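The residues making up each chain are set out below.
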Amino acid sequence: MGLSAWRPGRTLLVSLSLGTVIATASWASFPTGAEASGGGRINTAGSAGDESDDLMSALSAYNDPRLSPDGAVTAGAYTAAWNHVTQMPVSSSTFAEVTTQPYNSDSLHYRDQSASNSGGGAGYSAGRIAALAVDPTHTGVLYAGGADGGVFRSTDDGATWTPIADHLPALSVGSLALMPDGSLWLGTGEATTASDNYAGSGIYRLANPATGSFSSANRVGGGELDGSSIHELRVDAQAGYVFAVTSHGVYRRTLTSSASTAWTAVLAPCAGIGVAGVTCGVSSSFADIASDLAVQPGSGGLSLVADVAWRSGAAYNGFYYSHDGGNTWAEANPTGAINPKEIGNATFAYSADGSRLYVVMESPALINKANATTVLAGVFVSPSGNINGPYNQIATSSVLANSGSAMKRTLIGPGYQPGIQAWYDQSLAVDPADPNHVYLGLEELYESRDGGASWQAVGRYWNFGLPCFSYTPSQNTCDGNVMHSDQHALAFSAWPGHAPEVYAGNDGGIYARPTTQTAPGWRNLNTSGTLRTLQYYSVGVGSLSSGGTAVWGGLQDNGVSFLSPKGSTYSYTYPGTTTPVTEQLNPAGEMSEPFGGDGGDQLVNPANGCQSVGEYTNLAMSLTNNCGYTANDDGTPAAITSIAPGDPNARFIAPFSADTKDAGYWVAGGEYVWADAKTWASTSGADWQQLADSGAGHSITAISSQSHVIWAAWCGACNPGSGFGRGILTNYGGSWHQLALPADFPNRYISGVTIDPADASGGTVYVTLSGFSRAWHEAPGAGYGHIWRTTDGGATWTDVTGTSGAADSFPDAPANRTLIAPDGSLVVATDLGVFVDHVKTDGLGHWKRLGLSDITATGNLPTAAAVYLVASPDGKTLYVATHGRGIWSTPMP
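Residues numbered from 1 in each chain as written. Predicted model: local features only at pLDDT ≥ 70, side-chain atom pairs only at ≥ 80, totals over all residues. Heavy atoms only, no water.

Undergrad: What is the right way to read the overall build of the protein chain from this model?
TA: Assigned secondary structure in the protein chain consists of 6 helices and 62 strands. Taking 29 Å as the expected radius of gyration for a compact globule of 893 residues, we find that the protein chain reaches 26 Å, a close match to that expectation. Referenced to the eigenvectors of the C-alpha coordinate spread, the extents of the protein chain come out at roughly 75 × 65 × 50 Å. By residue count, 67% of the 893 residues in the protein chain fall in the buried class. The contacts of the protein chain with a sequence gap of at least 6 include a subset with a gap of at least 24, amounting to 58%. Total accessible area on the protein chain is roughly 27,000 Å²; 51% of this is exposed by carbon and sulfur atoms. The distance from the centre of the 37 positive side-chain charges to the centre of the 71 negative ones in the protein chain is 3 Å. (Helix = DSSP H or I, 4+ residues; strand = E, 2+ residues; numbered from the N terminus. Rg over C-alpha atoms; globule rule 2.2 N^0.38 Å. Buried < 20%, exposed > 50% of the residue type's maximum accessible area, 1.4 Å probe, protein only. Contact = heavy atoms within 4.5 Å. Areas by Shrake-Rupley, 256 points an atom, 1.4 Å probe, with all protein chains shown as cover. Lys, Arg positive; Asp, Glu negative; His and termini not counted. Charge placed at Lys NZ, Arg CZ, Asp CG, Glu CD.)

This is the structure we're talking about:
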């Protein structure tokens, strides 16, 4: 991946494709399979760890489209787009949340042993939780930040949850912090990837969080943090400051400043702020990335420590300290077990009395090492609390693997050891009541009650592969020290009259238990189904014979969800039998997870909602004809069949769909265009026929077929940078050919291709483009417009996004998918909502926001990215998948 030049004021989110090294940025070459895994976990043929998915590819799959062509977006792009959205005309429509049932990832009868994670022990799941805060003055009040789902509040200690930030400009959460005055501060722009995030819109302050909700008017500061990732917000009450730990360094403001007062940068070594004479060692794109800051208790708020480091290594990487509340800084020289040259992404935790400083640290040396089985430098303690040490090492990957971990080499495989994702999974906290009691979050959650002398895995990755595990429930003896993988946040409660608890946020939601508990087990705070932060990539729907609609969707790190009405049934004749059996699909009113790992695209038979094709990753497609239902308690007989075509260069989320005129014909795209005429009778990948090659090094990003006229968009290289390319391949006119796109057609990622059903020839097509326009890129090629149309098979193209600057023009934000409504209206899903052009009444290029006139009113779609659209079987309802706030529906516009 090539990177264009970067200058201050630009926002850059880096995407890494497998095996790519960027020398100028010191990017690591990541190992394949389990060795770089964790983005999605799937238990396949007993090789749990070896079949885990590549997290880096998962992140790239989401980020690459939004950052093409050059990988950098000027600060302010997201806010400008949001400001435009708020001024657009409205096509009145009310959205209803669809995915309101609890998501039981351990449903008993959805346990296909080759495709499902059900039975692994995670229990009820939500989407990724990036931040947690416990209200110390209101008993039972908790706050949770979804990675892409905004903020949720619980007033009953996690039994139920309510969203309180659904209509902010950005729902990507980096940090939450409660202040001495009781206000809740929210830092937007998730920072778990340790690089920049274009979606951040700054920091917000909610004065009455126990009862109120965030609004755009709550923003604190000016535009200086627009486009930044906010890794942490740290309060220094004694000195009267709050610090923002960001992807551009450490910023500060006083607690009493007016809301409009700008944040001030106080530590940015490469920029010479706070400390002088530090060599940067990388391009500006990777400079001054701060991952944590801690205030030493007992210092009067004056002693601060900060980690400023690029995960893949840079000369500026180091620990920095201040003894005057952040006015001046110096680079530390840690001694003892910590090697200063190995400092990467790190998290600090002081004991409550300030006498000890614990550190968990990722190693740039290991992240750059080929075939590394971990990137964890270790866990350390400075027994004096001094940032310079000397440090003792209190945990290594090997120590943690032998602590009751499910990631022990003999259980999960040699390539996936604790800390392999320490650049992504990292949390650390000390029990306020005991300086020896430490919680450590990596892929799993670990606990030490003796200051790190010994450790216990109290939140295992899963139960698969352990001697205690059996698919037969009566023979499964695994204890309750298991939860969803990938730990990101820790918090403690200390309410009067209540036992103190520890709360853990991870890729599957939130778990809690008393800090004094030593027996196995956790309280699952996702059980009610009201913590609705699921991150969908897709949605598909179909009718059920018992009535109602089946709703399927592919998810980030939570497999494929299946939702049906409570009490719905399905009659199915199992292979080898002749008598249909009626199965109870949903007796408890819960969603299930028939497919494990990461979900992807989804295809559902509109006439039979129990027939569905899901995707693990990279076009690894699987089919079920009975809703993935396993009749026996042990996950037999098999309910899911692999039909992967075996493409060599498919995208992490690769496209496939049914022909819009011929339901007996499917198409799919990797490097090649594939077709399957057996559809629901398919039994293997051999049923796919290779039709065309998009080109060496190319990957198809969108595909559509109408009466076997096929259009396929591709990228290659797909990573933003100088090598980025895109194109369109079609057999329109009778033979396969690449289109010669005009010079003004944007060189951006093509996220959707939609054939107009009104044109029987298949020659009228709408192309959907992701990313931002040329106005927000300094490199050439980004072009303008997000929806382009051809009416002559690609010979000529027209931008139909409207007149630039007009209130009814299409917003300049990533567009993800276009659907043509039965009346010919264009409906487009974007990162900032859903927009419609009523072509017959308004003409092309006149767009309206789909929702209510008051953009903050209940009944609008939350501003999590809308990534996928599908019509109900009768065409009367529009379903919208969001990446962070579940699936929603509204009447078809």
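Undergrad: What should I look at first to understand the sheet that holds strand β45 (residues 666–669) in this one?
TA: Backbone-to-backbone hydrogen bonds join strands into a sheet, with any given pair of strands oriented parallel or antiparallel. Within the open sheet, the 4 strands sit side by side as β44-β45-β46-β47. Their pairing is antiparallel. Looking at the sheet topology across the chains shown, the edges are occupied by β44 (656–658) and β47 (689–693). The sheet shows a mean angle of 20 degrees between the axes of neighbouring strands, direction not considered. One ladder, built from 3 bridges, connects β44 with β45; its direction is antiparallel. Opposite S657, over in β45, you have V667 as the bridge partner. (Pairing = 2+ DSSP bridges. Axes fitted to C-alpha atoms, helices over the stretch in contact; angles between N-to-C directions.)

Undergrad: Explanation requested: the state of the cysteines in the structure shown.
TA: Overall, the coordinates contain 4 disulfides when judged by the stated rule. Bridging C270 to C280, the disulfide has an S-S length of 2.1 Å. Taking the torsion about the sulfur-sulfur bond, which here is approximately 90 degrees, the covalent link between C270 and C280 counts as right-handed. Of this pair, C270 sits in the loop between β17 (264–267) and β18 (290–295) while C280 sits in the loop between β17 and β18, and the two are 10 residues apart along the sequence. What pairs with C715 in a disulfide is C718, and their sulfur atoms sit 1.9 Å apart. Because the sign of the S-S torsion sets the handedness, a value of about 85 degrees for the bond joining C715 and C718 places this disulfide among the right-handed ones. By relative accessible area, C718 is classed as buried at 10%. Assigning the bonded cysteines of the protein chain consecutive numbers by sequence position, one obtains the connectivity 1-2, 3-4, 5-6, 7-8. (Disulfide = S-S within 2.5 Å.)

Undergrad: It is not clear to me how the nonpolar core should be interpreted in this structure. Could you clarify?
TA: Across soluble globular proteins, nonpolar side chains have a tendency to be buried as a group. I787, F810, L832 and W847 are the most contacted members of the largest nonpolar core, which has 25 residues in total. For this core, the secondary structure elements donating two or more residues are α2 (77–86), β56 (815–820) and β57 (826–830). At 5 residues, the largest contribution of residues to this core is made by α2. Setting aside residues no more than four positions away along its own chain, I787 makes contact with Y766, V767, T768, T798, D799, V800, T801, F810, A815, T818, V828 and W847. Core analysis: the next-biggest nonpolar cluster, separate from the first, contains 24 residues, I394, L400, Y424 and A457 among them. (Core = buried A, V, L, I, M, F, W, Y, C linked by side-chain atoms within 4.5 Å.)

Undergrad: Would you mind showing me how to read the packing of aromatic side chains here?
TA: Aromatic ring pairs: the centre-centre distance and the angle between the two ring planes describe each pair. What the rule picks out here adds up to 26 aromatic pairs. When the ring of W552 is compared with that of F595, the centres are 6.2 Å apart and the planes differ by 70 degrees; the resulting orientation is edge-to-face. With W552 in strand β35 (residues 549–554) and F595 in strand β39 (residues 591–595), the pair connects residues that are 43 residues apart, well separated along the chain. Each member of the pair W552 and F595 is classed as buried. Counting every residue linked through ring pairs, the aromatic cluster contains Y416, Y461, W462, F464, F469 and Y471. Sitting over the ring of Y62, R66 keeps its end group 3.8 Å from the ring centre. One cation-aromatic arrangement involves R817 over Y868; the distance from NZ or CZ to the ring centre is 3.9 Å. (Phe/Tyr/Trp six-rings, centres within 6.5 Å; stacked < 30°, edge-to-face > 60°. Lys NZ or Arg CZ within 6 Å of the ring centre and 35° of its normal.)

Undergrad: What's the story with the side chain of H84 in this structure? I'm lost.
TA: One can find H84 in helix α2. Once residues within four sequence positions are removed from consideration, H84 is found in contact with A806, A807, S809, F810 and P811.

Undergrad: Sorry if this is basic, but what is going on with the sheet that holds strand β41 (residues 608–615) here?
TA: With antiparallel pairing, the 4 strands of this open sheet are ordered in space as β40-β41-β42-β43. Of all strands in the sheet, those bounded by a partner on one side alone are β40 (602–605) and β43 (641–642). Sheet topology places strand β42 (residues 621–624) next to β43; 2 bridges connect them, and they run antiparallel. Within β43, the position partnered with L623 by the bridge is T641.

Undergrad: Before we go on, may I ask you to explain unusual backbone geometry in this structure?
TA: Glycine aside, negative phi is the norm for most residues, and most peptide bonds take the trans geometry. Following S68, the chain continues into P69 via a peptide bond in cis, with omega recorded as 10 degrees. Note the cis peptide between G389 and P390, where omega equals 10 degrees. For P390, the location among the structural elements is in the loop between β24 (376–382) and β25 (392–395). Despite not being glycine, H708 has its phi angle at roughly 70 degrees, a positive value. The topology assignment puts H708 in the loop between β48 (699–706) and β49 (709–715).

Undergrad: What is the right way to look at the pattern of salt bridges in this model?
TA: Pairing of side chains with opposite charge becomes possible as their charged atoms draw close. Tallying each qualifying case throughout the model produces 16 salt bridges. Two residues, R460 and D479, come together in a salt bridge whose shortest N-O distance is 2.8 Å. Residue R460 is located in the loop between β29 (456–459) and β30 (487–492), and its partner D479 is located in the loop between β29 and β30; the two are separated by 19 residues in the primary sequence. We classify R460 as buried; its relative accessible area is 5%. (Salt bridge = Lys/Arg side-chain N within 4 Å of Asp/Glu carboxyl O.)

Undergrad: Quick question: what am I supposed to make of the confidence of the model for the protein chain here?
TA: Caution applies to low-pLDDT regions: their predicted coordinates should not be interpreted in detail. Chain-level statistics for the protein chain give a pLDDT mean of 91 and a share of 93% at 70 or above. Counted against residues more than four places away or in other chains, residues 1–39, with its pLDDT under 50, gives 144 contacts. (pLDDT = per-residue confidence, 0-100.)

Undergrad: What exactly am I supposed to notice about α2 here?
TA: An α-helical segment advances 3.6 residues per turn. Residues three or four places apart therefore align on the same side. Across the 10 residues of α2, 7 count as buried, placing the element largely inside the fold. Three or more residues of α2 are buried, namely A77, Y78, T79, A81, W82, H84 and V85. On its buried side, α2 packs onto β2 (72–74), β13 (219–220), β58 (833–837) and β59 (848–851).

Undergrad: How should I be thinking about the environment of P822 in this particular structure?
TA: With respect to the helices, strands and loops of the structure, P822 is situated in the loop between β56 and β57. Given the relative accessible area of 66%, P822 is considered exposed. Separated by 53 residues in sequence, P822 and G875 have C-alpha atoms that sit 7.1 Å apart. With sequence-adjacent residues up to four places away left out, P822 is seen in contact with G875 and M892.

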